[in-house]
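Working through the structure, step by step
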Amino acid sequence: MLTHWNKLVLTDCRVVDVGGQHFYPIFKNGSSSLIRQADSTLVNEQIADCSNINVFVRDPVDRFVSGINEYCQQNNLDLESTYKLVEHNEITDRHFAPQWIWLVHLSKHYKSDVTLLPFSDISKYCGSHNNKRNSDIKRVEPIATYIKQDKAILKHLGETLNIEKLIRICKDGLSKT
């Protein structure tokens, strides 16, 4: 499964400082608001010195639906045919990549603690967060492999965990399928 996500995992990793706290912006989890609000940005090896990084975690079903719709809108694609391509692992994109894959990406440069925050808390840190509720969003059935490990992450909202331990929790869930 990880090789399937090389396009994401091989990109630059960015962490932003907002009001003296570090945040890891994940697409479709308020990343645009965090980046807009950022006082500074750390990239790749600069991230290693952070003592804690906050990560907003979104409901995996909502995020998948929103992400695949966003991908289709940006690329002027039909949702039904795109969904089938995603289902057959013929298309991958950062907008609907599982959140745990994003954590794997972060772990390439960072080995310490992350605090998992509910997505609903983003307005506490980003006064300018624009909740883009698009009336054109079409519901699709989430693909199980895209949401299973992210559901495990939801069980740890509000907790601070070592990132490598968190990834092990996700990978253990993957191996049980």
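Because the structure is predicted, anything quoted here is derived from the model rather than measured. (Residues numbered from 1 in each chain as written. Predicted model: local features only at pLDDT ≥ 70, side-chain atom pairs only at ≥ 80, totals over all residues. Heavy atoms only, no water.)

The full count for this structure, using the stated rule, is 4 salt bridges. Residue Glu 70 is joined to Lys 28 by a salt bridge in which the shortest nitrogen-to-oxygen separation is 3.6 Å. Of this pair, Glu 70 sits in helix 3 (residues 60-75) while Lys 28 sits in the loop between strand 2 (21-23) and helix 2 (31-37); the two residues are 42 residues apart in sequence, bridging distant segments of the chain. For the pair shown, Glu 70 and Lys 28 are each scored as buried. Between Glu 164 and Lys 111 there is a salt bridge, with its nearest N and O atoms 3.7 Å apart. Linking Glu 164 in helix 8 (residues 163-175) with Lys 111 in the loop between helix 5 (99-107) and strand 5 (113-118), this pair joins segments that are 53 residues apart in sequence. (Salt bridge = Lys/Arg side-chain N within 4 Å of Asp/Glu carboxyl O. Helix = DSSP H or I, 4+ residues; strand = E, 2+ residues; numbered from the N terminus. Buried < 20%, exposed > 50% of the residue type's maximum accessible area, 1.4 Å probe, protein only.)

Residue placement: Asn 44 occurs in the loop between strand 3 (40-43) and strand 4 (52-57). In terms of polar contacts, Asn 44 uses its side chain to reach the side chain of Asp 12, at 2.8 Å. A distance of 3.4 Å separates polar atoms of two side chains, one belonging to Asn 44 and the other to His 109. In contact with Asn 44, not counting residues within four places along its chain, are Asp 12, Cys 13 and His 109. (Polar contact = N/O pair within 3.5 Å; in protein donor to acceptor, adjacent residues only side chain to side chain. Contact = heavy atoms within 4.5 Å.)

Moving on to helix 5. Buried residues dominate helix 5, accounting for 9 of its 9 residues. What helix 5 keeps buried is the set Gln 99, Trp 100, Ile 101, Trp 102, Leu 103, Val 104, His 105, Leu 106 and Ser 107.

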